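So the chains spell out like this:
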Amino acid sequence: MAKPYAERAKNFSNVAAKSLLEVMERKQTNLCVSVDVTKTANLLRIVAAVAPFVCLIKTHVDVIEDFDPEFIDQLKSLSTEHDFLIFEDRKFADIGNTVSLQYSSGIHKIASWAHITNAHPIPGPGIIEGLASVGLPLDRGLLLLSEMSSTGTLATGFIAMKGISKDADTPPDEDFLILTPGVGLDVKGDALGQQYRTPQEVIAAGADVIIVGRGIYGKGEGYPTKEIVQQAEAYQQRLKQDA
Ligand code: S5P
């Protein structure tokens, strides 16, 4: 039996990691829905539909065509109302100075609203220092990409790089949160190299939070809202069984 989320929350000093585990405990869910759609109305419709079943919503804010600051206010209200965190999947990948600007500034001002973001560790420790200089004062969390779900990926375990995360000095019982995308119940992949595993497979491999996208909201125009609600509930229940 896995340790209760509330107990694991005590292992983390990072506020975002702790908050995520606390939400998981309160709502008894480890489902994150990834919403990759291009219109704010559609994104907010999907988020409202899945909100009761998730601990986390993942966005790619740079694919949105009608972005405005009001959209962020609406997303934040849904996050407060339905008790979930927001993860902007920005996959930062540059030197510390550049990522700190990309994170804090520009049109999207990601650090001002996303509880969690992520980065490729490839540039070295400076990327983490740059993002931390912006994010830590705001109690934000940073995930590092150690692997990717796509065919032929070159990212295979960079997290082991010395000085980034797990190194020789890391105590063996240190807790890590593992968030895993590329999950689908009845599909194997897409035409552009995405590869899916089942919830059972990724949980067995150590995933704490499972990220599901098109498996829940559909492709193209997407599923009707009723079907999205049914899919989200089905995934949440399935994950509970497999955990
Ligand atoms: O290795 C990865 C890492 C990420 S963050 N593979 C992924 O698919 N992702 C993201 O997860 C990807 O950018 C997309 O937003 C989501 C998967 O969406 P789906 O529709 O294929 O479930």
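Scroll up to find the structure this text is about.
Residues numbered from 1 in each chain as written. Predicted model: local features only at pLDDT ≥ 70, side-chain atom pairs only at ≥ 80, totals over all residues. Heavy atoms only, no water.

Asks: So what exactly am I meant to see when it comes to the packing of helix 5 (residues 96–104) against helix 6 (residues 125–135) here?
Replies: To characterise two packed helices, one gives the angle between the axes of the helices and the distance between these axes. At a closest axis distance of 7 Å, the pairing of helix 5 and helix 6 adopts a crossing angle of 35°. In this structure, the crossing between helix 5 and helix 6 has a hand that is right-handed. Here Gly96, Val99, Ser100, Tyr103 and Ser104 of helix 5 come into contact with helix 6, specifically with Gly126, Ile127, Gly130, Leu131, Ser133, Val134 and Gly135. Considering only residue class, the contact of helix 5 with helix 6 consists of five nonpolar, seven polar and no charged. (Axes fitted to C-alpha atoms, helices over the stretch in contact; angles between N-to-C directions. Helix = DSSP H or I, 4+ residues; strand = E, 2+ residues; numbered from the N terminus. Left-handed = near helix turned anticlockwise from the far one by under 90°. Contact = heavy atoms within 4.5 Å. Nonpolar A, V, L, I, M, F, W, Y, C, P; charged D, E, K, R; others polar.)

Asks: Would you take a moment to explain the pairing of strand 1 (residues 31–35) for this structure?
Replies: The side chains of a regular strand alternate between the sheet's two faces. Counted residue by residue, strand 1 has five buried out of five residues, so it is predominantly covered. Note: strand 1 against strand 7 (residues 209–212), three bridges, orientation parallel. Across the sheet, Leu31 pairs through a bridge with Ile210, a residue of strand 7. Note: strand 1 against strand 2 (residues 56–59), four bridges, orientation parallel. Note on strand 2: the bridge partner recorded for Val35 is Thr59. (Buried < 20%, exposed > 50% of the residue type's maximum accessible area, 1.4 Å probe, protein only. Pairing = 2+ DSSP bridges.)

Asks: Before we go on, may I ask you to explain the pairing of strand 4 (residues 116–119) in this structure?
Replies: Here strand 4 shows a buried face lined by Ile116 and Asn118 and a second buried face lined by Thr117 and Ala119. Bridge analysis of strand 3 (residues 85–92) against strand 4 gives three bridges, and the strand direction is parallel. Directly across from Phe87, in strand 4, lies its bridge partner Ile116. The parallel pair strand 3 and strand 4 is bridged by helix 5, and the resulting crossover is right-handed. (Right-handed = clockwise from strand over helix to strand, strands pointing away.)

Asks: Hey, could you run me through the site of the ligand in this one?
Replies: Around the ligand lies a shell of 13 residues, among which Asp36, Lys58, Ser149, Tyr196 and Arg214 are the nearest. A distance of 3.0 Å separates an oxygen atom of the ligand from a polar side-chain atom of His60. Within the contact set of the ligand, an oxygen atom lies 2.6 Å away from a side-chain nitrogen or oxygen of Tyr196. In isolation the ligand offers 490 Å² of accessible surface; the protein chains occlude 90% of this area. Of the residues contributing to the shell around the ligand, the split by class is three nonpolar, five polar and five charged. (Near = heavy atom within 4 Å. Polar contact = N/O pair within 3.5 Å; in protein donor to acceptor, adjacent residues only side chain to side chain. Areas by Shrake-Rupley, 256 points an atom, 1.4 Å probe, with all protein chains shown as cover.)

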